Amino acid sequence: MKIAYYPGCSLHAAAREYDASLKLCLQNLGIELTEVPDWNCCGATSAHSIDEKLSILLAARNLSLAKKMVSGKVLAPCAACYSRLLASRRRLQTEARLYQEIASRLPDLDGVQEMEVLSLLDLLCLRELRDRLKAGIVRPLNGLRVACYYGCFLVRPAAVTGQPDPEDPTLLEAVLAAAGAEPVPWTYKTECCGAGFVLPEPQVVLRLAGEILQAAKRSGADVIAVACPLCQMNLDARQEAVARELGEELHLPVLYVTQLLGLAMGFAPRVLGLKRLLVDPFPALQEKGII
Amino acid sequence: MLTSLTAFSGDFQREVEARSGQNLDGCLGCGTCTGSCPNISFYDYSPRELIALIRRGEKKRVLESRSIWYCLGCYTCEERCPGGIGLSRVMDACRELCLKEKYAVNGERVLLFHRLFLAQLARYGRAPEALLALQFNFRTKDYFRDLGLGRKMFLKGKIKLFPERVSGRKEIRSFFREAGPRGVLPE
């Protein structure tokens, strides 16, 4: 299967291990990724917060570049990029006047309404991949208790993402269970981590990330699995500050789902970028005999 | 239809509705949004109060509220609203109106963040996160903030020193000139 790849800014910088591990996993599943040439930033929260048209233009340019490629499908593994591309595509599809307005500024918009925008979860849960996924597991993550964390944009709003159960999604659980891990039931899987507010108002993130990490700890999880670079950064890089604020030991490694999946597929920790995580995942993984 | 309430609502409600594509007469006043909001402790008016204020035509109170800047855009209220109101788009509309019509901004740090982010996007076509953090600290004169974390992230190879540039930057900049309400980029 060929698919256009929109990495987004984070996967080229702080979340390079997400990019690397995702490419290994998808290659192993027979998916051929081609990066959208000359893609631009999706505008994230900032663009739509103060200039809605700008946010649509930014997303539309990416969609129109991706449209020229192979498959009619584009993968956006960052949850924020996914949300922006998908929401914009939907509005271009349903609002004729908006479409005309954007088309008057962006040549070559024709056909973007049909582009299929996929999150990593959407992709991994395609029926044809599920079977291949099971077949590709050579070192199952036996005994590893995982709290699967979705955050906001992978699931909400369901009217846009099409998720059947936005309050209690189970896609990540299904993928990791197929890799042999034990997903734990817990209550904070779709709570917001505060995302970009970490810069203007760090207290927002310290509180929200604190609640999420505490809930994951209470659930008995060994690690947290994520599929968003912003969530990962807030739960991992800010964990020390959160623990200080709470006066509590946390030590909860926060891995990308593709790093866990990659381990189960037999890839080495080094190529999956496990050393790039701030909370050291090695003790928890070694204890379970996974590495 | 709540005719007794719509009778009170003025141009402001219509203005917000037109910009956000949401029908605020669909608000039942149930407070599910308020009960669901993860950032409510930073708000001055709860989401339910905000909608009521918009419907009462209290433009200045709404546009100068802290709440519109501290909405995280997490879509939790939107997901649960029995009236089907997309409150995040209402918040977007209020912020845009606040800037465009030069109302006081009760969330200057948040606005500064958005503007710096967009300035980089306009400049490079992409948004280098480390540079953004540095700029934010510089503009808020908080020079040593997160220095230790920055060092750790650098050693982990998580910081890119030179921003990537998109070759279609000219086109991207044109989005800003044509599309931006006043004040999208920092002074």
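## Side note on the overall build of chain A
- From N to C terminus, chain A includes 15 helices and eight strands.
- Against the 2.2 N^0.38 benchmark of 19 Å for 291 residues, chain A shows a C-alpha radius of gyration of 19 Å, consistent with a compact globule.
- Along the first, second and third principal axes, the C-alpha atoms of chain A reach 60 × 45 × 30 Å.
- Across the 291 residues in chain A, those meeting the buried criterion constitute 63%.
- Put simply, of all contacts in chain A between residues at least 6 apart along the chain, 77% involve residues at least 24 apart.
- When the accessible surface of chain A is split by element, carbon and sulfur atoms take 49% of a total near 10100 Å².
- Side-chain charges in chain A split into 31 positive and 32 negative, and the spacing between the mean points of these groups amounts to 3 Å.

## Looking at a nonpolar patch on the surface
- Taken together, the side chains of Phe138(B), Tyr143(B), Phe144(B) and Leu147(B) present a nonpolar region at the surface, about 520 Å² in accessible area.
- Within the secondary structure layout, Leu147(B) lies in helix α11 (residues 147-155).

## Some remarks on the interface of chain A and chain B
- Each partner contributes residues to the interface: chain A has 63 residues there, and chain B has 60 residues.
- Both faces combined, the contact of chain A with chain B buries some 5300 Å², and carbon together with sulfur accounts for 57% of it.
- Area buried by chain A at its contact with chain B is led by Ile50(A), Phe197(A) and Leu199(A), which between them contribute 14% of it.
- Of the charged contacts in the structure, one is a salt bridge between Lys158(B) and Glu17(A), with a shortest N-O distance of 2.5 Å.

## Remarks on the environment of Pro38(B)
- Along the chain, Pro38(B) turns up in the loop between α3 (32-36) and α4 (47-55).
- Those residues in contact with Pro38(B) that lie beyond four places of it in its chain are Cys192(A), Arg207(A), Leu208(A), Leu72(B) and Cys74(B).

## Comments concerning the confidence of the model for chain B
Residue and element names in this part refer to chain B.
- Looking at chain B as a whole, the pLDDT averages 92, with 93% of positions reaching at least 70.
- Contacts from residues 1-7, a stretch scored under 50 in pLDDT, to residues over four places away or in other chains number eight contacts.
- Interface predicted TM-score (ipTM) for the complex: 0.96; the corresponding pTM is 0.95.

## Focus on the sheet that holds strand β8 (residues 254-256) of chain A
Residue and element names in this part refer to chain A.
- A sheet is described by the order of its strands in space; here four strands give the open sequence β6-β5-β7-β8, paired in parallel fashion. Each of the sheet's edge strands pairs with one partner strand only, and the pair in question is β6 (182-183) and β8.
- Of the strand pairs in this sheet, strand β5 (residues 145-148) and β6 are connected by two bridges, and their pairing is parallel. Following the sheet pairing, valine 146 is matched in β6 by proline 183.
- The strands touched by helix α14 (residues 257-264) are β5, β7 (223-226) and β8; relative to β8, the strand with the most contacts, the crossing angle is about 75°.

Basis of the calculations
Residues numbered from 1 in each chain as written. Chains lettered and ligands numbered in written order. Predicted model: local features only at pLDDT ≥ 70, side-chain atom pairs only at ≥ 80, totals over all residues. Heavy atoms only, no water. Helix = DSSP H or I, 4+ residues; strand = E, 2+ residues; numbered from the N terminus. Rg over C-alpha atoms; globule rule 2.2 N^0.38 Å. Buried < 20%, exposed > 50% of the residue type's maximum accessible area, 1.4 Å probe, protein only. Contact = heavy atoms within 4.5 Å. Areas by Shrake-Rupley, 256 points an atom, 1.4 Å probe, with all protein chains shown as cover. Lys, Arg positive; Asp, Glu negative; His and termini not counted. Charge placed at Lys NZ, Arg CZ, Asp CG, Glu CD. Patch = residues over 30% accessible without salt bridge, like charges linked within 9 Å, V, L, I, M, F, W, Y side chains within 5 Å. Salt bridge = Lys/Arg side-chain N within 4 Å of Asp/Glu carboxyl O. Buried area = accessible area lost by both parts, 1.4 Å probe. pLDDT = per-residue confidence, 0-100. Pairing = 2+ DSSP bridges. Axes fitted to C-alpha atoms, helices over the stretch in contact; angles between N-to-C directions.

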